[in-house]
Amino acid sequence: MENELTVRQRKIIHIDMDAFYASIEQRDNPHYRGKPIAVGGSPEGRGGVVATASYEARKFGVRSAMPSKRAQQLCPDIIFVRPRFDVYKEVSVKIREIFYRYTDLIEPLSLDEAFLDVTVDKQNIGSAIEIATLIKQAIKDELQLTASAGVSVNKFIAKIASDMQKPDGLTFIGPSRIHTFMETLAVEKFFGVGKVTAEKMKKMGLHTGTDLKKLTENELVKHFGKAGRFFYKIVRGQDDRDVQPHRETKSVGAEDTFAYDLIEIDEMNTELDKLAVVISNRLQRHQLKGRTITVKIKFSDFKQITRSQSVVNAIDNLDTIASIARQLLAAADLENKKVRLLGISLSNFGEIVIRDKPDEIQDQLRLF
């Protein structure tokens with residue numbers, strides 16, 4: 001008898017909660033409903049940073065990681081709310097429990113988003129679109145929150161799809177649409193393409209996936225390093241990465257390359273404060289505390305240095321991270337130096353617990 005190899009098409013869902021922190025605050029406080037709110041630090045004094053903003057605030061251009069003072073300038077009526085991470089974690093646990101009704105193959109990216117592999121689902125529903133619909137409805141009925149879902153045959157496309165019809169959206173991009181979809185996608189929509197890389201691409205005349213497809217893999221690697229191999233595959237809709245339920249986090253970091261070189265220490269400190277809020281949010285989302293803080297500094301001549309400090313008690317606190325980062329920056333010899341990039345990372349988490357229970361949050365960083 002002739003053996004036939006049957007290849008099963010994968011069914012991947014990416015669930016992304018809508019304005020997660022802000023939506024919880026509006027749910028729990030009727031006074032905030034329908035109003036522009038920002039979860040994060042107050043604009044008073046030195047000023048905080050926006051962790052997330054409600055959709056009412058986003059209409060005014062308020063975005064995460066934006067200085068609170070700037071948010072207030074854009075939206076004078078905005079209400080600033082201190083984050084309640086303990087509440088957000090509790091809600092995330094309940095969301096994860098809903099996911100587990102359909103599959104055990106769940107890869108959390110943070111408190112508010114995750115990949116699900118439903119190629120084979122627990123309830124034998126068979127349709128990823130139907131499962132995504134049921135999950136969205138359960139979140140709405142049981143938690144009074146909305147989520148957006150992307151459904152496709154791989155993680156990359158599913159993640160892009162979940163962002164296409166926010167809030168409360170559901171987008172399916174099937175195999176027959178992938179090539180056309182990727183060809184028309186703007187380069188800045190590709191995960192892994194930041195502002196600097198997007199600007200470089202556009203200067204090369206690369207504006208869409210179609211433009212990227214014109215370059216060979218070697219050409220992409222020449223211009224963009226090893227990320228070029230990823231761009232070559234993904235623009236063709238190729239992403240074979242599995243949904244990974246268990247993954248250890250070694251470090252949490254963020255960095256930014258500036259549009260112009262920084263010379264003034266005050267400007268550098270402002271940028272460090274922005275990075276600190278991103279790091280603090282990620283740590284608290286993943287329930288991690290680190291003992292080693294590292295500041296990365298890259299100069300205009302592309303030389304770079306790092307400065308690190310370890311503390312006795314593990315931290316995830318925004319003010320502490322920002323303060324130590326500033327101290328490390330001050331200790332570096334920056335006189336007459338032009339800085340093009342700054343970064344902060346935390347590591348040395350101690351014992352990493354790999355969790356596999358529905359009532360626990362798995363430690364997992366964003367993939368892109």
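Residues numbered from 1 in each chain as written. Predicted model: local features only at pLDDT ≥ 70, side-chain atom pairs only at ≥ 80, totals over all residues. Heavy atoms only, no water.

(A) Focus on the overall build of the protein chain. Looking only at helices and strands, the protein chain features 13 helices and twelve strands. Scaling as 2.2 N^0.38, a compact globule of 368 residues should have a C-alpha radius of gyration of about 21 Å, and the protein chain matches this with 22 Å. For the protein chain, the spread of C-alpha atoms along the principal axes amounts to about 75 × 55 × 45 Å. Out of the 368 residues in the protein chain, the part that is buried amounts to 47%. Taking the intrachain contacts of the protein chain between residues at least 6 apart in sequence as the baseline, contacts between residues at least 24 apart amount to 66%. (Helix = DSSP H or I, 4+ residues; strand = E, 2+ residues; numbered from the N terminus. Rg over C-alpha atoms; globule rule 2.2 N^0.38 Å. Buried < 20%, exposed > 50% of the residue type's maximum accessible area, 1.4 Å probe, protein only. Contact = heavy atoms within 4.5 Å.)

(B) The arrangement of the pattern of salt bridges in detail. Enumeration according to the criterion identifies 21 salt bridges in this entry. For the salt bridge of Asp 168 with Lys 140, the shortest nitrogen-to-oxygen distance reads 2.9 Å. With Asp 168 in the loop between helix 6 (155-162) and strand 8 (170-172) and Lys 140 in helix 5 (residues 128-143), this pair connects stretches of sequence that are 28 residues apart. The exposure class of Asp 168 is partly exposed, given its relative accessible area of 32%. Several salt bridges converge on common partners, so that one network encompasses Glu 25, Arg 27, Asp 28 and Arg 84. (Salt bridge = Lys/Arg side-chain N within 4 Å of Asp/Glu carboxyl O.)

(C) Region of the structure containing the sheet that holds strand 6 (residues 113-117). Read from one edge of the open sheet, five strands run 5-6-1-7-8, paired in mixed fashion. Of all the strands in the sheet, just strand 5 (106-110) and strand 8 have a single pairing partner and so form its edges. The average undirected angle you get between the axes of adjacent strands in this sheet is 15°. Examined bridge by bridge, strand 5 and strand 6 share four bridges and lie antiparallel to one another. Bridging across to strand 6, Pro 108 finds its partner in Ala 114. (Pairing = 2+ DSSP bridges. Axes fitted to C-alpha atoms, helices over the stretch in contact; angles between N-to-C directions.)

(D) Main features of the sheet that holds strand 11 (residues 304-315). Pairing in this open sheet of four strands is antiparallel, and the strands run 9-12-10-11 from one edge to the other. In this open sheet, the two edge strands, each paired with only one partner strand, are strand 9 (251-262) and strand 11. Going from strand to strand, the sheet's axes swing by 15° on average, the running direction of each strand aside. Across the sheet, helix 12 (residues 265-285) is in contact with strand 9, strand 10 (290-299), strand 11 and strand 12 (339-347); its angle to strand 9 comes to roughly 155°.

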